[in-house]
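Architecture and fold: a report
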Amino acid sequence: MAPSIETRQLTKSYGQFTALSGLDLNIQGTKCVGFLGPNGAGKTTTMKILTGLIRATEGTALINGVDVVKDKKAAMASCTTIIETPEIYPSLTPKEALSMLCEIRGVPRQERSKTIDEVLARVKMSEWADKKVGGFSKGMKQRVNVASTLLSDPEVIILDEPSSGLDPRGMSEVRDIVMSLKDRLVFMSSHLLAEVTEVCQEVAMIDHGKLLVYDTIENVTAKFAGGGGAVEVSFAGDVDEPLRARVSKLPGVTSTTKSNDRHLIVKFDPAAVTQDKLLESVAGLKAGALTFTRASGLEDAYLSLIKETL
Amino acid sequence: MSDESKSVVGSLAHVGITAKYNFLNYFRARRFYVMLAIIVIITGLLTTLVGYYRPPSFVGGDALGFYGAGWGSFASFVVVLSAAFFGGDAISGEFQNRTGYFLVPNPIRRSAIYVGKWLAALAASTIILGVFALAMLANGLFYFPGSIPWEFVESFAFAWVYLVAAMSLAFAFSSLFKSSSISILMSVILLLFVFNVIDTVASLVAGIEPWFSITYAAGIISDVLNVPYPAHKVVTSLGAGRRFTLAQFHATIPEGLLILGVYFVVMAVLGLVLFERKEFTS
Ligand SMILES: Nc1ncnc2c1ncn2[C@@H]1O[C@H](COP(=O)(O)OP(=O)(O)OP(=O)(O)O)[C@@H](O)[C@H]1O
Ligand SMILES: [Mg+2]
């Protein structure tokens, strides 16, 4: 049977506040699925319910067809996870912490030390294998957490912002690890759209606890990126309202959105203006434009789907 | 997928695994050595003060009197302190320190984690209590060489039963609160002060037996060192015409063990239910 993650009418309320409302998601097969959405959309909440860290107010969550509430032991038997940078008992070494998980997960005794050496090597932590975790930096701990998800040959891996706290090399190493996870279902939340584009084949986007779309990256891009183009322009100074208005009035520009203090996402109609002409006219404003990059298709789709919350 | 190489691990085995690694963590942590240092200080002070001043309450009578004054006065204190130290944040720490995020999302029941941690904390505390008992025994044998009174052995056993009940209570508190320091503090305050005040108020003021109190039951630890065993109820009359009466109660041994047993069971169930329902939210 192919690995699967399924939520049915998943709802989570905190008092009056609804963090998740009736989320229906059905992911089947071996692939990598990116889980996207703005801060507070409910990504971590969904993943916590899936792994038995919290309970849904209503609805069910299943891993490989097993209800996590009814039988967490069976549901988690071939699922590993990192949610919100876990901590490890500080006086244990990575080797000990990982052998605790090996024992819990039923990795045969004779395979344990080989498996642990392998996974520590993959996250470049071999030389720290026998040092106490208590003295590790955040990123070093996260590397051990990543190593822990590779133990016991899981079919489903749920990762909540796995590259959080990692240095640039660490991030790229985690990307490589995720891409090397063939024959598994990886469900990964991330704000790094470039990372998602690189490692995932499909994306699920949520906002305000509701599923907006779940499809392949190509389909999502084709459907929601719009026929138009989009570029991101960075400026030397802060983008203020008058500057945004001036850019909006440039020929062919259909909309502008600030993505942060100094960045502006500029959408344009390719029929009215080509990208090179747009670059010239942005530069012509003499407003301190520094860089001019084509936004990726996924980023474009994300921005058009989730613009209301920006 | 190589499902054949993976075996399903039973919950009993999970209890053992959790206990093993938690004990390892306790045994290496500073806290264990702070607790040992406290024991060394208490016994060191007792040994030097008794050796220097030779107070009659310790060495004036027989061996039982010595154990009553030394072990009998401090055993409950050591029990409470180690239960609070090792159990008071056992569960809340998993939430506050986020170690639960590493352990809980695995094919393991929360109850197995709870019981495993409980056993580890009990083992660490038993070592502390044992060290204290051995130190008292060494002193006792120095002043009263020859034999170890049977009542001291009984008293140690009762202290251990109290430890089991107190650990259960501390764990329940650690499941109730989110903050480690609050759950430790609550366990200490409750076991060292609140219950004692309740005992006193109930017996002296209201004249009722505090059968509902864990510290009342723990009285058997020192009472057993009194021969003959204190009467269940002692009434003192005072004032003009002896109009005021003060009652003082001593739990009998079966009664004391029963109360401690009930505390153990009730608190274990309560703590487990709380932990099962507790959510990992930050
Ligand atoms: N314990 C809690 N009490 C009240 N509200 C909560 C609690 N935990 C989460 N929430 C709310 O639930 C919503 C969803 O949070 P969640 O952590 O799932 O978001 P997220 O999509 O993971 O966001 P981010 O990208 O910032 O990690 C948020 O609005 C948050 O404020
Ligand atoms: Mg999150």
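Residues numbered from 1 in each chain as written. Chains lettered and ligands numbered in written order. Predicted model: local features only at pLDDT ≥ 70, side-chain atom pairs only at ≥ 80, totals over all residues. Heavy atoms only, no water.

Quick notes on the interface of chain A and chain B
The interface is formed by 44 residues belonging to chain A together with 40 residues belonging to chain B. With both chains or domains summed, chain A and chain B bury close to 3,800 Å², and 55% of this area falls on carbon and sulfur atoms. It is K73(A), Y89(A) and I104(A) in chain A that bury the most area against chain B; as a group they hold 21% of the surface buried on that side. Seen at the junction of chain A and chain B, the total is three salt bridges. Salt-bridge contacts for E279(B) lead to K12(A); the nearest nitrogen and oxygen are separated by 2.8 Å. Across the contact surface, chain A and chain B share 24 residue pairs in polar contact (both at pLDDT 80 or more). Where the side of chain A that touches chain B is concerned, the elements lending two or more residues are β1 (4-14), α2 (72-75), α3 (94-105) and α5 (138-149) of chain A. When residues of the side of chain A that touches chain B are assigned to their parent elements, the largest contribution, eight residues, is made by α3(A). The residue makeup of the side of chain A that touches chain B, split by class, is 17 nonpolar, twelve polar and 15 charged. (Contact = heavy atoms within 4.5 Å. Buried area = accessible area lost by both parts, 1.4 Å probe. Salt bridge = Lys/Arg side-chain N within 4 Å of Asp/Glu carboxyl O. Polar contact = N/O pair within 3.5 Å; in protein donor to acceptor, adjacent residues only side chain to side chain. Helix = DSSP H or I, 4+ residues; strand = E, 2+ residues; numbered from the N terminus. Nonpolar A, V, L, I, M, F, W, Y, C, P; charged D, E, K, R; others polar.)

Comments concerning the nonpolar core
Inside soluble globular proteins, nonpolar side chains tend to come together where they are buried. Ranked by internal contacts, the top residues of the largest apolar core, which has 161 residues, are I63(A), I158(A), F187(A), M205(A), W71(B), F86(B) and Y162(B). When residues of this core are assigned to their parent elements, the largest contribution, 15 residues, is made by helix α8 (residues 110-143) of chain B. Structurally, this core is a two-domain feature, drawing no fewer than three residues from each of domain 1 (4-222) and domain 2 (225-305) of chain A. Not counting residues within four places of it along the chain, the set of residues in contact with M205(A) comprises L36(A), K210(A), L211(A), L212(A), V213(A), V220(A), L298(A), A301(A), Y302(A), L305(A) and I306(A). With 15 residues, the next largest nonpolar core counts F235(A), V253(A), F268(A) and V282(A) among its residues. (Core = buried A, V, L, I, M, F, W, Y, C linked by side-chain atoms within 4.5 Å. Buried < 20%, exposed > 50% of the residue type's maximum accessible area, 1.4 Å probe, protein only. Domains from an automatic or database assignment.)

Structural notes on empty space enclosed by the protein
For the structure on display, the rule yields five cavities of 30 Å³ or more. Forming the walls of the largest cavity are T80(A), T81(A), P86(A), L101(A), R105(A), N145(A), S148(A), T149(A), Y101(B), F102(B), P105(B) and N106(B). Among the elements of the structure, β6 (79-82), α3 and α5 of chain A together with α7 (100-103) of chain B are those that each provide at least two residues to the lining of the largest cavity. In terms of residues, the lining of the largest cavity owes the most to one element, α5(A), which gives three residues. In terms of residue class, the lining of the largest cavity is built from five nonpolar, six polar and one charged. (1 Å grid on protein atoms, 1.4 Å probe; cavity = no way out; pocket = protein on both sides within 12 Å on 5 of 7 lines; lining within 4 Å. Points joined across faces, edges and corners; volume = space filled by probe spheres on them.)

Structural notes on the site of ligand 1
Around ligand 1 lies a shell of 14 residues, among which G40(A), K43(A), T44(A), T45(A) and H191(A) are the nearest. Positioned at a junction of chains, ligand 1 has nearby residues supplied by chains A and B. In the model, an oxygen atom of ligand 1 is placed 2.8 Å from a nitrogen or oxygen of the K43(A) side chain. A total of 640 Å² of accessible area belongs to ligand 1 in isolation, and the protein chains cover 68% of it. Mapped by element, the contributors of at least two residues to the shell around ligand 1 are β2 (17-28) and α1 (43-50) of chain A. Of the residues assigned to the shell around ligand 1, the class counts are five nonpolar, seven polar and two charged. (Near = heavy atom within 4 Å. Areas by Shrake-Rupley, 256 points an atom, 1.4 Å probe, with all protein chains shown as cover.)

Some details on the side chain of S168(B)
Residues and elements named next belong to chain B. Note on placement: S168 falls in helix α9 (residues 150-176). Assessed through its relative accessible area of 1%, S168 is described here as buried. With residues near it in sequence (within four places) discarded, S168 still touches W118, Y263, F264, M267 and A268.

With respect to the confidence of the model for chain B
Residue and element names in this part refer to chain B. Of the residues in chain B, 96% reach a pLDDT of 70 or more, and the chain-wide mean stands at 91. pLDDT under 50 marks residues 1-5. Its contacts with residues more than four places away, or in other chains, come to nine contacts. For this predicted complex, the interface confidence reaches an ipTM of 0.88, while the overall pTM sits at 0.88. (pLDDT = per-residue confidence, 0-100.)

Regarding the sheet that holds strand β9 (residues 202-207) of chain A
Residue and element names in this part refer to chain A. Strand order across the open sheet formed by six strands is β6-β7-β8-β3-β9-β10, with mixed pairing between neighbours. The sheet terminates laterally at β6 and β10 (210-216), the two strands that pair on one side only. Going from strand to strand, the sheet's axes swing by 15° on average, the running direction of each strand aside. In this sheet, strand β8 (residues 185-189) lies alongside strand β3 (residues 31-36) in parallel orientation, the contact comprising five bridges. Paired with V33 across the two strands is F187, which belongs to β8. Here helix α8 (residues 217-224) sits on the sheet and contacts β9 and β10; the angle it forms with β10, its principal contact strand, is near 115°. Its contacts with the sheet put helix α11 (residues 297-305) on β3, β9 and β10, and the angle it makes with β9 is roughly 25°. (Pairing = 2+ DSSP bridges. Axes fitted to C-alpha atoms, helices over the stretch in contact; angles between N-to-C directions.)

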